[in-house]
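Structure assessment
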Amino acid sequence: MIKEKSALKRIEELQDLINYHNKRYYQFDDPEISDAEYDKLMTELIQLENTYADHIDSTYSPTQRVGAAPLEKFDTFTHLTPMLSLSNAFSKDDILDFNERINRFLDNAKDISFVVEPKLDGVAVNLIYEGGTFTAGATRGDGTAGENVTRNLKTIHSLPLQIKNASDIPDKIEIRGEVIIGIDSFKKLNKRRSDAGETAFANPRNAAAGSLRQLDSKVTSKRPLDIFCYAIGYAKGKTFKNQWEILQTLAGWGFKVNPHVKQTGNINECIQYYDEMTLLREDLHYEIDGIVIKVDSLETQARLGAVSRSPRWAIACKFPPTQATTSIENIIIQVGRTGVLTPVAKMKPVPIGGVTVSSATLHNQDEINKKDIRIGDTVIVQRAGDVIPEVVKVIKPQRTGSERIFHMPDTCPSCGSRVVRLEGEAACRCINFDCPAQIRENIKHFVSRGAMDIEGLGEKIISQLLDENIINDPADLYYLTKKDLIVLERMADKSVENLLASIERSKSPPLEKFIFALGIRHVGEHISKILTKEFFTLDNLIKATADELTSIKEIGPEVAGSITKYFRLSSNSKMIEKLRKAGVKPQDATEKKPSELTGKSFLFTGTLESFPRSKARDIVESLGGNVSVSLTKNTDYVVVGKSPGSKLGKAQQLNITTISEDDFLELIKETS
Ligand code: IVH
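A brief look at the structure comes next. Note that the coordinates shown come from a computational prediction; the quantities given were computed from them, not determined experimentally. (Residues numbered from 1 in each chain as written. Predicted model: local features only at pLDDT ≥ 70, side-chain atom pairs only at ≥ 80, totals over all residues. Heavy atoms only, no water.)

This part is about the site of the ligand. By nearness alone, 13 residues border the ligand, and Glu117, Leu120, Ala124, Glu178 and Lys294 come closest of all. Contact between the ligand and proline 118: a nitrogen atom at 3.2 Å from a main-chain N or O atom of the residue. With 4 residues, strand S3 (residues 114-120) is the largest single contributor of residues to the shell around the ligand. Partitioned by chemical class, the residues of the shell around the ligand number 8 nonpolar, no polar and 5 charged. (Near = heavy atom within 4 Å. Polar contact = N/O pair within 3.5 Å; in protein donor to acceptor, adjacent residues only side chain to side chain. Helix = DSSP H or I, 4+ residues; strand = E, 2+ residues; numbered from the N terminus. Nonpolar A, V, L, I, M, F, W, Y, C, P; charged D, E, K, R; others polar.)

This is the structure we're talking about:
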């Protein structure tokens, strides 16, 4: 009995703790614990919940977010109230017309108040909460009924499984929002997919839609989905006065509401907002394709009603097109680091949203076939945010008959070797390890910031060094002399010295950066960190067997195979030997294991002069400590920079050791 009681208490404790860490990770992008510590908490909770399944209701436990067994197909879900669509405005005149229509309809001359919101470019969903618990969710479908994607929605960390601490929640409520994928997450996801030879998503919206419509919710749980809520479809027994109140209430209940929503007094302020958002758009980390103007008062909304499937009280004002029409002059092939051949359309330059676009990725042959893209075609291209431009579609009526069908070459354009398309892969690959294009891309990767971080060694210099046969692999960089470099274009004494100095500086990288720099297929920054934590030294990793590797969580047979294959290849071991001979020595993770910082918790306040906080965090973490943003009694050191914030006073009150930036530098020097 006592055991059960304490287990139930522990379950609650773990649920709260994991929810807190989810928030830090997914909402604030600022985790306080490592992945391994997080996994430990999760495993403990899953075990306890399974053991005490008869005594608890785990509907809103964070364990529900990790996905369930795959479905055969989605059930149809009928919305309690239809999900309407919006009519569109494309200019300021259209916005003024909208205002006039409303005024005419209402027969009043008073200014109308509106709420203006970003028009999020994602997937509209409907969420049902009963008694405050998330019970079902569906896509919009035809507006009357959509697909029941409840299990997939549960994997979205910013979607509350339970509305907490609110006394005013209706028994049954329908909440509407937009599921999105942020631009950075989208890029990372696509990179992961193309690294694995899978087809890339065309844009963040497609990626969000594809992820939400996965029959296997475990797949969805690995996708970086996010959600903003903006409407209530139905709320049993509860009435709201206006849209602004709805947004405030949703935020108060724990739903994510877009921070750029605004209440305006009249239509001119809406037009001003449209101009502001047109500028702000480029800085947002998710895509929006316009703004939505909504009449604020719900009573007025009701009076205005809807025409066919769009309300009269709202309008979507689209941003100027990010699309343009141009023609494809050629399709060329780019060879990537892992030998993947990517077809790239070279187009007649065309301005889109202030940037001249002249090339667009076509991804692979399947994509080209699907869109039936030919050389000479007139096409619509699209550029959104800083995502790589895309060919949206071909304008087929404009074909003259002289267009040429494109086929991926049988041989690599760089080295002439035969190209293969492995089973199950969309990509074609050059499998010649000596392919010059691959070598160049590999060296570019090797020197890049997340890898060996050799400053001042750009693509142009690398290409010249390769063309002149001065280098053949990354290790050769460490044998460069002043004589080799001074002959290169635009390299004066000073730049040669600087480059040699930054090559020298890169000789003892953290092990994880070195592993990442090697460019082993499927081994990105994340896997490199895991390998470092598991193996501590490069030699241990080189000796690791496939069995040892697959016994590590997160490493499957494909990654393990790729790692063992890499180190088995004699050209790779020779290259590593050559690096060592030149004095390159990755820092073993064991050497600094018993550091003074191990297990210690740091907090920074004020500006640091020696390096940015992100760098300070890297250093602390590499020495086994952790950095948090909130001050607790568990904080060990508060590092006080220039113009410290209120945390300094609080730290003194709590009797926590405060140290200066110099003390901190001393501390890390001693330990590393
Ligand atoms: S309100 C009738 N607010 O736009 C009210 N919709 O064409 C309709 N959307 O399917 C929804 N951002 O996917 C609303 N802030 C926002 C929105 C938004 C994006 C999408 C939504 C809807 C489509 C309507």
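Continuing now.
The next point concerns the sheet that holds strand S13 (residues 314-318). Pairing in this open sheet of 5 strands is mixed, and the strands run S2-S13-S10-S3-S9 from one edge to the other. With partners counted over all chains shown, the strands left at the sheet margins are strand S2 (88-89) and strand S9 (262-264), one partner each. By the bridge criterion, 7 bridges tie S3 to strand S10 (residues 288-295) in an arrangement that is antiparallel. The residue bridging glutamate 117 from the neighbouring strand is valine 292, located in S10. Here helix H8 (residues 243-252) sits on the sheet in contact with S3, S9 and S10, set at roughly 55° to S3. Running at roughly 25° to S3, helix H9 (residues 267-280) makes contact with S3, S9, S10 and S13 of the sheet. (Pairing = 2+ DSSP bridges. Contact = heavy atoms within 4.5 Å. Axes fitted to C-alpha atoms, helices over the stretch in contact; angles between N-to-C directions.)

Our focus in this paragraph is the sheet that holds strand S24 (residues 626-627). With parallel pairing, 4 strands are arranged side by side in an open sheet as S24-S23-S25-S26. Edge positions in the sheet fall to S24 and strand S26 (657-660), since each of these pairs with one other strand and no more. Sheet analysis places strand S23 (residues 601-605) next to strand S25 (residues 637-640), joined by 4 bridges and oriented parallel. Along S25, the bridge assignment pairs phenylalanine 604 with valine 639.

This brings us to the nonpolar core. Among the nonpolar cores identified, the biggest contains 51 residues, and Ile454, Leu477, Tyr478, Leu531, Leu549, Ile555 and Ile563 are the most heavily contacted of them. Of all the elements in the fold, those that place two or more residues in this core are helix H12 (436-447), helix H13 (459-467), helix H15 (493-505), helix H16 (511-517), helix H17 (525-535), helix H18 (538-543), helix H20 (557-568) and helix H21 (570-581). Each residue touching leucine 531, except ones within four places of it in the same chain, is listed here: Ile515, Val523, Phe536, Leu541, Leu549, Ile555 and Ile563. Listed in part, the 37 residues of the second largest apolar core include Phe74, Val115, Ile169 and Ile232. (Core = buried A, V, L, I, M, F, W, Y, C linked by side-chain atoms within 4.5 Å. Buried < 20%, exposed > 50% of the residue type's maximum accessible area, 1.4 Å probe, protein only.)

Our next topic: the packing of aromatic side chains. Tallied over the entire structure, the rule returns 10 aromatic pairs. Seen from their ring centres, tyrosine 274 and phenylalanine 319 are 5.7 Å apart, and the 35° between their planes marks the pair as tilted. Note that tyrosine 274 is positioned in helix H9 and phenylalanine 319 in the loop between S13 and strand S14 (323-335), a separation of 45 residues in sequence. For the pair tyrosine 274 and phenylalanine 319, one class covers both residues: buried. (Phe/Tyr/Trp six-rings, centres within 6.5 Å; stacked < 30°, edge-to-face > 60°.)

Positionally, serine 217 belongs in helix H7 (residues 217-221). Exposure remark for serine 217: the relative accessible area of 1% places this residue in the buried category. Ignoring anything within four residues of it in the chain, the contact list for serine 217 reads Gly67, Ala68, Arg151, Asn152 and Thr155.

The next point concerns the pattern of salt bridges. As enumerated under the stated definition, the model contains 31 salt bridges in all. The closest approach of N and O atoms between arginine 176 and glutamate 174, which form a salt bridge, is 3.3 Å. A residue is classified by how much of its surface remains accessible, and arginine 176, at 10% relative accessible area, is buried. Salt bridges here are not isolated pairs; linked through shared partners, they connect Asp372, Arg374, Asp377, Lys396 and Arg399. (Salt bridge = Lys/Arg side-chain N within 4 Å of Asp/Glu carboxyl O.)

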